[in-house]
Amino acid sequence: MKAIVCSKYGAPDVLEVKEVEKPVPKDNEVLVKVHAASINYGNLVLLKGEPFLARFAFGLLKPKYPIPGGDISGRVEAVGKDVKLFKPGDEVFGDLSGSGWGGYAEYVAAPEDAFASKPANLSFEEAAAVPMAGVTALQSLRDKGKIRRGHKVLINGASGGVGTFAVQIAKSFGAEVTGVCSTRNIERVRAIGADHAIDYTKENFTRGTERYDLIIGANGNHPVSAYKRNLNPNGIFVHVGGAGAQMAQTMLLGPWISMAGSRKIKSFLQRPNQKDLYFMKELLETEKVRPVIDRHYALDEISDAFSYFAEGHAQGKVVITM
(Lines give C-alpha, C1' and ligand atoms only; values in the text may rest on other atoms or scores of the structure.)
Protein backbone atom coordinates (compact mmCIF):
# COMPACT_ATOMS: atom_id res chain seq x y z
CA MET A 1 0.00 0.00 0.00
CA LYS A 2 0.99 3.65 -0.32
CA ALA A 3 1.89 5.56 2.82
CA ILE A 4 3.57 8.78 3.88
CA VAL A 5 6.83 7.95 5.66
CA CYS A 6 8.81 10.32 7.89
CA SER A 7 12.23 8.77 8.55
CA LYS A 8 13.82 11.88 10.11
CA TYR A 9 12.74 15.10 11.77
CA GLY A 10 12.63 18.19 9.62
CA ALA A 11 10.65 20.38 7.24
CA PRO A 12 7.67 19.09 5.21
CA ASP A 13 9.94 18.02 2.36
CA VAL A 14 11.25 15.09 4.46
CA LEU A 15 7.85 13.39 4.00
CA GLU A 16 7.97 10.70 1.31
CA VAL A 17 5.35 8.60 -0.45
CA LYS A 18 6.48 4.98 -0.22
CA GLU A 19 5.17 1.47 -0.77
CA VAL A 20 4.94 -0.31 2.59
CA GLU A 21 3.42 -3.54 3.81
CA LYS A 22 -0.33 -3.50 4.34
CA PRO A 23 -1.09 -4.02 8.07
CA VAL A 24 -2.81 -7.11 9.43
CA PRO A 25 -5.27 -6.49 12.29
CA LYS A 26 -4.60 -8.07 15.67
CA ASP A 27 -7.37 -9.78 17.60
CA ASN A 28 -8.69 -6.51 19.07
CA GLU A 29 -8.08 -4.38 15.98
CA VAL A 30 -9.99 -3.29 12.90
CA LEU A 31 -8.41 -2.84 9.48
CA VAL A 32 -9.70 0.35 7.87
CA LYS A 33 -9.37 1.42 4.26
CA VAL A 34 -8.64 5.11 4.72
CA HIS A 35 -10.65 7.53 2.59
CA ALA A 36 -9.49 10.79 4.18
CA ALA A 37 -7.25 12.17 6.94
CA SER A 38 -6.51 15.61 8.36
CA ILE A 39 -3.66 17.61 9.87
CA ASN A 40 -3.46 18.72 13.50
CA TYR A 41 -0.76 20.40 15.57
CA GLY A 42 0.35 17.01 16.90
CA ASN A 43 1.23 15.97 13.35
CA LEU A 44 3.51 19.01 13.11
CA VAL A 45 5.25 17.97 16.33
CA LEU A 46 5.79 14.47 14.89
CA LEU A 47 7.27 16.01 11.74
CA LYS A 48 9.59 18.58 13.30
CA GLY A 49 10.41 16.95 16.63
CA GLU A 50 9.64 20.28 18.28
CA PRO A 51 9.33 21.24 21.06
CA PHE A 52 12.32 19.09 21.95
CA LEU A 53 10.69 17.62 25.06
CA ALA A 54 8.17 15.91 22.77
CA ARG A 55 10.96 13.69 21.47
CA PHE A 56 10.98 11.76 24.72
CA ALA A 57 7.54 10.48 23.66
CA PHE A 58 7.95 10.49 19.89
CA GLY A 59 11.59 9.41 19.46
CA LEU A 60 14.75 11.15 20.58
CA LEU A 61 16.84 11.03 17.39
CA LYS A 62 14.26 10.03 14.77
CA PRO A 63 10.50 9.55 14.67
CA LYS A 64 9.26 6.58 16.69
CA TYR A 65 6.15 6.50 14.50
CA PRO A 66 7.36 6.64 10.87
CA ILE A 67 3.86 6.97 9.38
CA PRO A 68 2.23 10.10 10.83
CA GLY A 69 -1.45 10.92 10.75
CA GLY A 70 -3.96 10.82 13.61
CA ASP A 71 -7.41 11.75 12.33
CA ILE A 72 -8.92 9.46 9.71
CA SER A 73 -12.20 8.30 8.25
CA GLY A 74 -12.80 5.25 6.12
CA ARG A 75 -14.49 1.87 5.76
CA VAL A 76 -13.76 -1.25 7.80
CA GLU A 77 -12.23 -3.97 5.63
CA ALA A 78 -11.52 -6.67 8.24
CA VAL A 79 -11.77 -7.20 12.00
CA GLY A 80 -9.88 -9.24 14.59
CA LYS A 81 -11.65 -12.11 16.32
CA ASP A 82 -12.23 -10.15 19.55
CA VAL A 83 -13.77 -7.08 17.91
CA LYS A 84 -17.37 -6.51 18.99
CA LEU A 85 -18.36 -3.05 17.78
CA PHE A 86 -17.62 -3.13 14.06
CA LYS A 87 -17.89 -5.40 11.04
CA PRO A 88 -16.55 -5.21 7.47
CA GLY A 89 -18.28 -2.49 5.50
CA ASP A 90 -18.91 -0.17 8.44
CA GLU A 91 -18.00 3.49 7.93
CA VAL A 92 -15.90 4.87 10.79
CA PHE A 93 -13.89 7.88 11.91
CA GLY A 94 -11.26 7.98 14.59
CA ASP A 95 -8.18 9.35 16.33
CA LEU A 96 -5.03 7.19 16.10
CA SER A 97 -2.81 9.42 18.25
CA GLY A 98 -3.14 7.05 21.19
CA SER A 99 -2.54 3.88 19.19
CA GLY A 100 0.57 4.39 17.10
CA TRP A 101 -0.58 7.00 14.56
CA GLY A 102 -0.27 5.77 10.93
CA GLY A 103 -3.22 7.59 9.37
CA TYR A 104 -1.46 8.90 6.26
CA ALA A 105 -1.74 5.60 4.45
CA GLU A 106 -4.19 3.66 2.32
CA TYR A 107 -4.89 1.25 5.20
CA VAL A 108 -4.49 1.33 8.95
CA ALA A 109 -5.01 -1.25 11.71
CA ALA A 110 -5.85 0.01 15.20
CA PRO A 111 -7.81 -1.05 18.31
CA GLU A 112 -11.58 -0.78 17.92
CA ASP A 113 -11.79 1.81 20.72
CA ALA A 114 -9.91 4.28 18.52
CA PHE A 115 -12.97 4.53 16.26
CA ALA A 116 -16.63 5.48 16.27
CA SER A 117 -19.29 5.09 13.62
CA LYS A 118 -19.04 7.88 11.04
CA PRO A 119 -21.80 10.50 11.26
CA ALA A 120 -24.31 9.60 8.56
CA ASN A 121 -24.69 13.17 7.33
CA LEU A 122 -20.96 13.78 6.80
CA SER A 123 -18.71 12.91 3.88
CA PHE A 124 -15.49 11.01 4.59
CA GLU A 125 -13.56 14.27 4.16
CA GLU A 126 -15.76 16.10 6.66
CA ALA A 127 -15.58 13.23 9.16
CA ALA A 128 -11.77 13.12 8.97
CA ALA A 129 -11.67 16.77 10.04
CA VAL A 130 -13.38 16.06 13.36
CA PRO A 131 -11.72 13.63 15.81
CA MET A 132 -8.72 15.33 17.37
CA ALA A 133 -9.76 18.97 16.97
CA GLY A 134 -13.39 18.31 17.87
CA VAL A 135 -12.59 16.25 20.97
CA THR A 136 -9.92 18.78 22.01
CA ALA A 137 -12.53 21.54 21.89
CA LEU A 138 -15.08 19.40 23.73
CA GLN A 139 -12.76 18.30 26.52
CA SER A 140 -11.29 21.77 27.05
CA LEU A 141 -14.75 23.35 27.34
CA ARG A 142 -16.60 20.66 29.26
CA ASP A 143 -13.97 18.90 31.37
CA LYS A 144 -11.35 21.59 32.03
CA GLY A 145 -13.51 24.68 31.56
CA LYS A 146 -16.65 23.42 33.35
CA ILE A 147 -18.84 25.22 30.81
CA ARG A 148 -22.44 25.89 31.81
CA ARG A 149 -25.51 27.36 30.13
CA GLY A 150 -25.36 31.14 30.27
CA HIS A 151 -21.59 31.31 30.67
CA LYS A 152 -19.75 34.06 28.83
CA VAL A 153 -17.05 32.26 26.87
CA LEU A 154 -14.21 33.70 24.80
CA ILE A 155 -12.38 31.61 22.19
CA ASN A 156 -9.00 33.07 21.25
CA GLY A 157 -8.10 31.55 17.89
CA ALA A 158 -11.73 31.03 16.88
CA SER A 159 -11.11 30.48 13.15
CA GLY A 160 -8.64 27.58 13.40
CA GLY A 161 -9.22 23.84 13.57
CA VAL A 162 -9.91 23.66 17.31
CA GLY A 163 -11.41 27.15 17.47
CA THR A 164 -14.15 26.56 14.90
CA PHE A 165 -15.28 23.50 16.84
CA ALA A 166 -15.01 25.31 20.17
CA VAL A 167 -17.30 28.14 19.04
CA GLN A 168 -19.98 25.71 17.91
CA ILE A 169 -19.70 23.34 20.88
CA ALA A 170 -19.85 26.24 23.34
CA LYS A 171 -23.04 27.45 21.65
CA SER A 172 -24.50 23.93 21.90
CA PHE A 173 -23.98 24.15 25.69
CA GLY A 174 -25.96 27.41 25.77
CA ALA A 175 -23.05 29.81 26.27
CA GLU A 176 -22.68 33.38 25.02
CA VAL A 177 -19.63 33.12 22.76
CA THR A 178 -17.06 35.69 21.69
CA GLY A 179 -14.57 34.66 19.01
CA VAL A 180 -11.18 36.32 18.50
CA CYS A 181 -9.67 36.10 15.01
CA SER A 182 -8.11 38.13 12.20
CA THR A 183 -9.98 40.52 9.91
CA ARG A 184 -10.51 38.01 7.10
CA ASN A 185 -12.15 35.51 9.45
CA ILE A 186 -14.63 37.76 11.26
CA GLU A 187 -17.61 36.84 9.09
CA ARG A 188 -16.74 33.14 9.14
CA VAL A 189 -16.64 33.14 12.95
CA ARG A 190 -20.01 34.88 13.10
CA ALA A 191 -21.42 32.44 10.53
CA ILE A 192 -20.62 29.43 12.73
CA GLY A 193 -22.51 30.93 15.64
CA ALA A 194 -20.34 33.36 17.61
CA ASP A 195 -22.44 36.06 19.29
CA HIS A 196 -19.55 38.50 19.12
CA ALA A 197 -16.34 38.61 17.07
CA ILE A 198 -13.19 40.57 17.91
CA ASP A 199 -10.59 41.42 15.25
CA TYR A 200 -7.26 41.04 17.06
CA THR A 201 -5.52 43.20 14.45
CA LYS A 202 -7.67 46.15 15.59
CA GLU A 203 -8.44 45.41 19.22
CA ASN A 204 -6.57 43.73 22.09
CA PHE A 205 -9.33 42.08 24.10
CA THR A 206 -7.04 41.68 27.14
CA ARG A 207 -7.06 45.48 27.54
CA GLY A 208 -10.84 45.70 27.44
CA THR A 209 -13.32 45.80 30.31
CA GLU A 210 -15.30 42.70 29.33
CA ARG A 211 -15.00 39.74 31.69
CA TYR A 212 -15.61 36.06 30.94
CA ASP A 213 -16.48 32.92 32.85
CA LEU A 214 -14.28 30.83 30.55
CA ILE A 215 -11.49 31.67 28.10
CA ILE A 216 -10.15 29.02 25.72
CA GLY A 217 -6.69 29.82 24.38
CA ALA A 218 -6.72 27.91 21.11
CA ASN A 219 -4.13 30.36 19.79
CA GLY A 220 -2.43 33.54 20.85
CA ASN A 221 0.60 34.84 22.70
CA HIS A 222 -0.78 36.86 25.61
CA PRO A 223 0.78 36.37 29.05
CA VAL A 224 -1.38 34.40 31.47
CA SER A 225 -1.63 37.48 33.72
CA ALA A 226 -3.52 39.23 30.92
CA TYR A 227 -5.97 36.37 30.60
CA LYS A 228 -6.47 36.40 34.37
CA ARG A 229 -7.56 40.05 34.26
CA ASN A 230 -10.30 39.13 31.78
CA LEU A 231 -11.81 36.43 33.98
CA ASN A 232 -14.81 36.81 36.23
CA PRO A 233 -14.40 35.63 39.85
CA ASN A 234 -14.26 31.82 39.66
CA GLY A 235 -13.50 32.14 35.93
CA ILE A 236 -11.22 29.66 34.15
CA PHE A 237 -8.58 30.05 31.44
CA VAL A 238 -7.67 26.87 29.55
CA HIS A 239 -4.53 26.84 27.40
CA VAL A 240 -5.03 24.63 24.33
CA GLY A 241 -2.57 26.05 21.79
CA GLY A 242 -0.51 29.09 20.90
CA ALA A 243 2.95 30.45 21.53
CA GLY A 244 5.44 28.26 23.37
CA ALA A 245 6.05 30.98 25.96
CA GLN A 246 2.34 31.07 26.75
CA MET A 247 2.30 27.30 27.22
CA ALA A 248 5.32 27.45 29.54
CA GLN A 249 3.74 30.23 31.61
CA THR A 250 0.51 28.26 31.92
CA MET A 251 2.31 25.13 33.09
CA LEU A 252 4.74 26.88 35.46
CA LEU A 253 2.73 29.82 36.77
CA GLY A 254 -0.80 28.52 36.34
CA PRO A 255 -0.86 26.36 39.49
CA TRP A 256 0.47 29.24 41.63
CA ILE A 257 -1.99 31.74 40.19
CA SER A 258 -4.83 29.28 40.70
CA MET A 259 -3.90 28.72 44.36
CA ALA A 260 -3.71 32.46 45.04
CA GLY A 261 -7.32 33.28 44.14
CA SER A 262 -10.63 32.13 42.71
CA ARG A 263 -9.60 32.51 39.07
CA LYS A 264 -8.03 29.38 37.59
CA ILE A 265 -5.30 28.98 34.93
CA LYS A 266 -5.22 25.47 33.47
CA SER A 267 -3.13 23.65 30.89
CA PHE A 268 -4.74 20.98 28.77
CA LEU A 269 -3.74 17.95 26.71
CA GLN A 270 -6.37 16.15 24.68
CA ARG A 271 -6.91 12.45 25.33
CA PRO A 272 -8.35 10.16 22.65
CA ASN A 273 -11.70 8.91 23.89
CA GLN A 274 -14.24 6.78 22.06
CA LYS A 275 -17.14 8.01 24.20
CA ASP A 276 -16.29 11.59 23.25
CA LEU A 277 -16.16 10.63 19.58
CA TYR A 278 -19.73 9.40 19.91
CA PHE A 279 -20.64 12.62 21.73
CA MET A 280 -19.26 14.54 18.74
CA LYS A 281 -21.17 12.22 16.38
CA GLU A 282 -24.44 13.23 18.05
CA LEU A 283 -23.61 16.94 17.81
CA LEU A 284 -22.75 16.50 14.13
CA GLU A 285 -25.81 14.46 13.22
CA THR A 286 -28.13 16.94 14.96
CA GLU A 287 -26.33 19.72 13.04
CA LYS A 288 -25.32 21.60 16.17
CA VAL A 289 -21.73 21.37 14.90
CA ARG A 290 -20.33 21.31 11.36
CA PRO A 291 -16.67 20.86 10.36
CA VAL A 292 -15.05 23.86 8.71
CA ILE A 293 -12.60 22.78 6.00
CA ASP A 294 -10.14 25.21 4.48
CA ARG A 295 -8.30 23.12 1.87
CA HIS A 296 -8.12 19.61 0.44
CA TYR A 297 -4.88 17.96 -0.71
CA ALA A 298 -4.14 14.60 -2.31
CA LEU A 299 -1.87 12.14 -0.49
CA ASP A 300 1.07 12.87 -2.80
CA GLU A 301 0.67 16.60 -2.03
CA ILE A 302 1.31 16.04 1.68
CA SER A 303 4.41 18.28 1.80
CA ASP A 304 2.43 21.19 0.37
CA ALA A 305 -0.38 20.50 2.85
CA PHE A 306 2.01 20.61 5.81
CA SER A 307 3.73 23.74 4.51
CA TYR A 308 0.39 25.51 4.32
CA PHE A 309 -0.72 24.24 7.74
CA ALA A 310 2.58 25.28 9.35
CA GLU A 311 1.98 28.90 8.30
CA GLY A 312 -0.70 28.98 11.01
CA HIS A 313 -3.43 30.73 9.01
CA ALA A 314 -5.71 27.86 8.04
CA GLN A 315 -9.41 28.70 8.28
CA GLY A 316 -10.61 25.49 9.91
CA LYS A 317 -9.10 22.15 8.95
CA VAL A 318 -6.72 20.94 6.22
CA VAL A 319 -7.84 17.57 4.83
CA ILE A 320 -5.91 14.87 2.94
CA THR A 321 -7.85 12.68 0.49
CA MET A 322 -6.63 9.22 -0.48
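Rules behind the numbers
- Residues numbered from 1 in each chain as written.
- Predicted model: local features only at pLDDT ≥ 70, side-chain atom pairs only at ≥ 80, totals over all residues.
- Heavy atoms only, no water.
- Helix = DSSP H or I, 4+ residues; strand = E, 2+ residues; numbered from the N terminus.
- 1 Å grid on protein atoms, 1.4 Å probe; cavity = no way out; pocket = protein on both sides within 12 Å on 5 of 7 lines; lining within 4 Å.
- Points joined across faces, edges and corners; volume = space filled by probe spheres on them.
- Nonpolar A, V, L, I, M, F, W, Y, C, P; charged D, E, K, R; others polar.
- Pairing = 2+ DSSP bridges.
- Axes fitted to C-alpha atoms, helices over the stretch in contact; angles between N-to-C directions.
- Salt bridge = Lys/Arg side-chain N within 4 Å of Asp/Glu carboxyl O.
- Buried < 20%, exposed > 50% of the residue type's maximum accessible area, 1.4 Å probe, protein only.

Student: Help me understand unusual backbone geometry in this model?
Tutor: Leaving glycine aside, a negative phi is the common case for residues, and trans is the common case for peptide bonds. Phi at W101 takes a positive value of approximately 60°, unusual for a residue other than glycine. Along the polypeptide, W101 turns up in the loop between β5 (91-95) and β6 (107-111). For N234, which is not glycine, the phi torsion reads 70° and is therefore positive. Position of N234 relative to the elements: it lies in strand β12 (residues 231-239).

Student: Sorry, what's going on with the layout of surface pockets here?
Tutor: Sizing a probe to match a water molecule and rolling it over the atoms shows the empty space that remains. Of the voids in this model, the second largest pocket is the one considered here, and its volume is about 200 Å³. Taken together, 16 residues form the lining of the second largest pocket, with P23, W101, G102, V108 and A109 sitting closest to its centre. Class assignment for the residues of the lining of the second largest pocket results in 11 nonpolar, three polar and two charged.

Student: Which parts of the structure should I look at to understand empty space enclosed by the protein?
Tutor: For the structure on display, the rule yields one cavity of 30 Å³ or more. Estimated volume of the largest cavity: approximately 40 Å³. Every residue lining the largest cavity is listed: C6, L15, N43, L46, L47, P63, Y65 and P68.

Student: I keep staring at the environment of L61 and nothing clicks. Help me out?
Tutor: Within the secondary structure layout, L61 lies in the loop between α2 (55-58) and β4 (71-79). Residues L61 and K171 lie 110 residues apart in sequence; the distance between their C-alpha atoms is 43 Å.

Student: Hey, could you run me through the sheet that holds strand β9 (residues 176-181) in this one?
Tutor: Strands in a sheet are paired, the pairing made by backbone hydrogen bonds, and the direction either parallel or antiparallel. In spatial order, the strands read β10-β9-β8-β11-β12-β13; together these six strands make up an open sheet with parallel pairing. Two strands lie at the open edges of the sheet, namely β10 (196-199) and β13 (264-267), each paired on one side alone. This sheet shows a mean twist of 15° between the axes of neighbouring strands, independent of strand direction. Two elements, β9 and β10, share four bridges in a ladder whose sense is parallel. For C181, the partnering residue across the bridge sits in β10 and is D199.

Student: Teacher, can you tell me more about the pattern of salt bridges here?
Tutor: Where side chains of opposite charge bring their charged atoms close, a pairing between them can arise. Following the criterion strictly, the structure yields 15 salt bridges and no others. The salt bridge involving K81 is made with D82; its shortest N-O contact spans 3.3 Å. Residue class for K81 comes out exposed when judged on its relative accessible area of 65%. When the shortest N-O distance is used, the salt bridge between R142 and D276 registers 2.9 Å. Of the two residues, R142 is situated in helix α4 (residues 131-144) and D276 in helix α9 (residues 274-285); the sequence distance between them amounts to 134 residues. Among the charged side chains, a network of salt bridges with common partners joins D27, K81 and D82.

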